[in-house]
Amino acid sequence: MENFQEVDELDFENIIYEKKDGVATITLNRPKALNALNTAVMTELRTAIHDADEDESMRVIVITGAGDRAFCAGADIPELQSKSPIEARNWSMWLQMITREIEAIQTPVIAKINGFCLGGGLELAMSCDFRIASDKSKFGQPEINLGVIPGAGGTQRLTRLVGRTKSMEINMLGQAGLIDAQEAYRLNLINRVVPVEELDNAVNDYIEKLKALSPVTIGIIKLAVNKGIEMDIDRALYYEAECFGMAVSTEDFKEGTSAFLEKRKPEFKGR
Ligand code: DAK
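Residues numbered from 1 in each chain as written. Predicted model: local features only at pLDDT ≥ 70, side-chain atom pairs only at ≥ 80, totals over all residues. Heavy atoms only, no water.

Student: With reference to specific residues and values, describe the pairing of strand S5 (residues 109–113).
Tutor: Most of S5 sits out of view: five of its five residues are buried. Here strand S3 (residues 60–65) pairs with S5 via four bridges, running parallel. Its bridge partner lying in S5, Val 62 is registered against Ile 110. Pairing geometry for S5 and strand S7 (residues 130–134), over four bridges, is parallel. Each residue of the ladder has a partner; that of Ile 110, found in S7, is Phe 130. (Buried < 20%, exposed > 50% of the residue type's maximum accessible area, 1.4 Å probe, protein only. Helix = DSSP H or I, 4+ residues; strand = E, 2+ residues; numbered from the N terminus. Pairing = 2+ DSSP bridges.)

Here it is as structure tokens:
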């Protein structure tokens, strides 16, 4: 879509992008605006995600927020206010496309949530494969307080994750419906909640476990889950069987089964 070209990865101004030991970390870096998402942030985020996914040495992507107050407080409200209805629709479709890309790429993506996770920020986190949060985090879809509705999956992914009862409450009550991390965990919205000082360790724990497994098989599981959930059960099970066949065609399948039979640790190559 026009105006949303990719940027040179070296020119990042709104995110911090680091690649180290197989982990690509993307830090939304507008702490004074609680890391609100504007077009510049999202453009850079998208470029970084693609760079990380195309780099075979990167086994996990972590998305987090700068500072100690927020993962992301949602779409940038001044930018949101400036949009015409057609621009807002295009913007919405573009943001939705990025969340779909996060769901479709092979590399597993962890949202490391360290504070407010609201509106478009929660929508971004919900498109990730794992959500690990500090106990200080707060979650919600406060768009209704602005007279608008979630535009990047808040009414849809939230419903799929927590069910209709709580999705309706969180979406309709807006600011009054914010929930804390314990409640988010109880509702299945996040994978883990830990004291803030243990957040790095909790994320590293997931990273180490993921790095020990086959990246191609992880990618196939992502597709099976994310595509299958939108299908009726017969089609979804058939799709799972197709994915299963694809997994069996990999070198990593031969390695995994051989390692088991030879009573040794597998060495997956991602082939
Ligand atoms: N955008 C821009 N700036 C923001 C912001 C945001 N979403 N949230 C906070 N800030 C800024 C504040 O304006 C303030 O800036 P200064 O006044 O210091 O310059 C600074 O961050 C610190 O915020 P507060 O002073 O308000 O801090 P408090 O601790 O008092 O309150 C809060 C924290 C998170 C409860 C509060 O800041 C807040 O309610 N923020 C707004 C949260 C919100 O409503 N989020 C939803 C935004 S709408 C779409 C796709 C997606 C979406 C919409 C359409 N399509 C593409 C069409 C998504 C929409 C949204 O996410």
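Student: Pulling in residues and values, what's your account of the packing of aromatic side chains?
Tutor: Counted according to the given criterion, the structure contains two aromatic pairs. Their ring planes at 80 degrees and their centres at 5.8 Å tell us that Phe 12 and Tyr 17 sit as a pair that is edge-to-face. Lying across the ring of Trp 91, Lys 83 places its NZ or CZ 4.9 Å from the centre. (Phe/Tyr/Trp six-rings, centres within 6.5 Å; stacked < 30°, edge-to-face > 60°. Lys NZ or Arg CZ within 6 Å of the ring centre and 35° of its normal.)

Student: I'd love a proper account of the site of the ligand, names of residues and values included.
Tutor: The ligand sits among 27 residues. The nearest are Arg 69, Ala 75, Ser 92, Gly 120 and Gln 175. Here a nitrogen atom of the ligand and a backbone polar atom of Ala 73 are 2.8 Å apart. Contacts to the ligand include Ala 75, whose backbone N or O atom sits 2.7 Å from an oxygen atom. If the ligand stood free it would expose 1,100 Å²; the protein chains cover 67% of that surface. By residue class, the composition of the shell around the ligand is 16 nonpolar, six polar and five charged. (Near = heavy atom within 4 Å. Polar contact = N/O pair within 3.5 Å; in protein donor to acceptor, adjacent residues only side chain to side chain. Areas by Shrake-Rupley, 256 points an atom, 1.4 Å probe, with all protein chains shown as cover. Nonpolar A, V, L, I, M, F, W, Y, C, P; charged D, E, K, R; others polar.)

Student: Give a description of helix H11 (residues 251–261) that names residues and reports values.
Tutor: Every buried residue of H11 is listed here: Asp 252, Glu 255 and Ala 259. Viewed along the axis of H11, the buried residues span an arc of 60 degrees, placing them on a single side of the element. In H11, the exposed positions that point more than 90 degrees away from the buried face belong to Lys 254, Phe 260 and Leu 261. In this structure, the buried side of H11 is in contact with helix H9 (215–228). (Arc of directions from axis to C-beta. Contact = heavy atoms within 4.5 Å.)

Student: Can you tell me about the side chain of Thr 64, naming the residues and giving the values?
Tutor: Along the chain, the position of Thr 64 falls in strand S3. Take Thr 64: its relative accessible area is 8%, and that puts it in the buried class. Here the side chain of Thr 64 touches Lys 112 through a polar contact of 2.9 Å, landing on its backbone oxygen. Among residues more than four places away in sequence, those in contact with Thr 64 are Thr 25, Ile 26, Thr 27, Leu 28, Phe 71, Lys 112 and Asn 114.

Student: Give a detailed account of the nonpolar core, specifying residues and quantitative values.
Tutor: In summary, soluble globular proteins display a tendency toward joint burial of nonpolar side chains. Of all hydrophobic cores here, the largest spans 46 residues; its most connected members are Leu 28, Ile 63, Phe 71, Phe 139 and Leu 189. Per-element accounting of this core gives the leading share, six residues, to helix H1 (residues 39–54). If you look at the next biggest cluster of nonpolar residues, it comprises 14 residues, including Val 62, Ile 132, Val 194 and Ala 202. (Core = buried A, V, L, I, M, F, W, Y, C linked by side-chain atoms within 4.5 Å.)

Student: Break down the packing of H9 against helix H10 (residues 233–248) for me, citing the residues and quoting the values.
Tutor: Geometry of a packed helix pair, given as the angle between the helix axes and the separation of the axes. Two elements in contact, H9 and H10, have axes whose closest approach is 10 Å; the angle formed by their N-to-C orientations is 170 degrees. In terms of axis orientation, H9 runs roughly antiparallel to H10. Contacts between H9 and H10 pair Ile 220, Leu 223, Ala 224, Lys 227 and Gly 228 from the former with Ala 236, Tyr 239, Cys 243, Met 246 and Ala 247 from the latter. Tallied by class, residues from the contact of H9 with H10 come to eight nonpolar, one polar and one charged. (Axes fitted to C-alpha atoms, helices over the stretch in contact; angles between N-to-C directions. Parallel < 35°, antiparallel > 145°, perpendicular 65-115°, else oblique.)

Student: An account of a nonpolar patch on the surface is requested, with residue identities and associated values reported.
Tutor: On the surface, Ile 77, Leu 146 and Val 148 cluster together into a nonpolar patch covering about 240 Å² of accessible area. Summarising the element assignment, Leu 146 is placed in the loop between strand S8 (138–140) and helix H5 (157–162). Here Leu 146 falls in the partly exposed class, since its relative accessible area comes to 47%. (Patch = residues over 30% accessible without salt bridge, like charges linked within 9 Å, V, L, I, M, F, W, Y side chains within 5 Å. Salt bridge = Lys/Arg side-chain N within 4 Å of Asp/Glu carboxyl O.)

Student: So what's going on with helix H8 (residues 199–211)? Residues and values would help.
Tutor: With 13 residues, H8 should reach 18 Å at 1.5 Å per residue; the first-to-last C-alpha distance of 18 Å fits that figure. Restricting attention to buried positions, one finds in H8 the residues Leu 199, Ala 202, Val 203, Tyr 206, Ile 207 and Leu 210. Angular distribution of buried residues about the axis of H8 spans 140 degrees; they occupy a single face of the element. Exposed and facing more than 90 degrees away from the buried side of H8 are Asn 201 and Lys 209. Those residues of H8 hidden inside the fold are in contact with strand S2 (23–28), S3, S5, S7, strand S10 (192–194) and H9. (Expected span 1.5 Å × (residues − 1).)

Student: I'd like a description of the sheet that holds strand S1 (residues 15–20), backed by residues and values.
Tutor: Read across the sheet, six strands follow the order S1-S2-S3-S5-S7-S10 without closing on themselves; strand pairing throughout is mixed. One side of each edge strand has no neighbouring strand; the edge strands of this open sheet are S1 and S10. Strand after strand, the sheet turns through a mean of 20 degrees between neighbouring axes, direction not considered. Pairing geometry for S2 and S3, over six bridges, is parallel. Bridged to Thr 25 within S3 is Val 62. Seen against the sheet, H1 touches S1, S2 and S3 and runs at an angle of roughly 10 degrees to S1.

Function-wise, these values are silent; they only describe arrangement.
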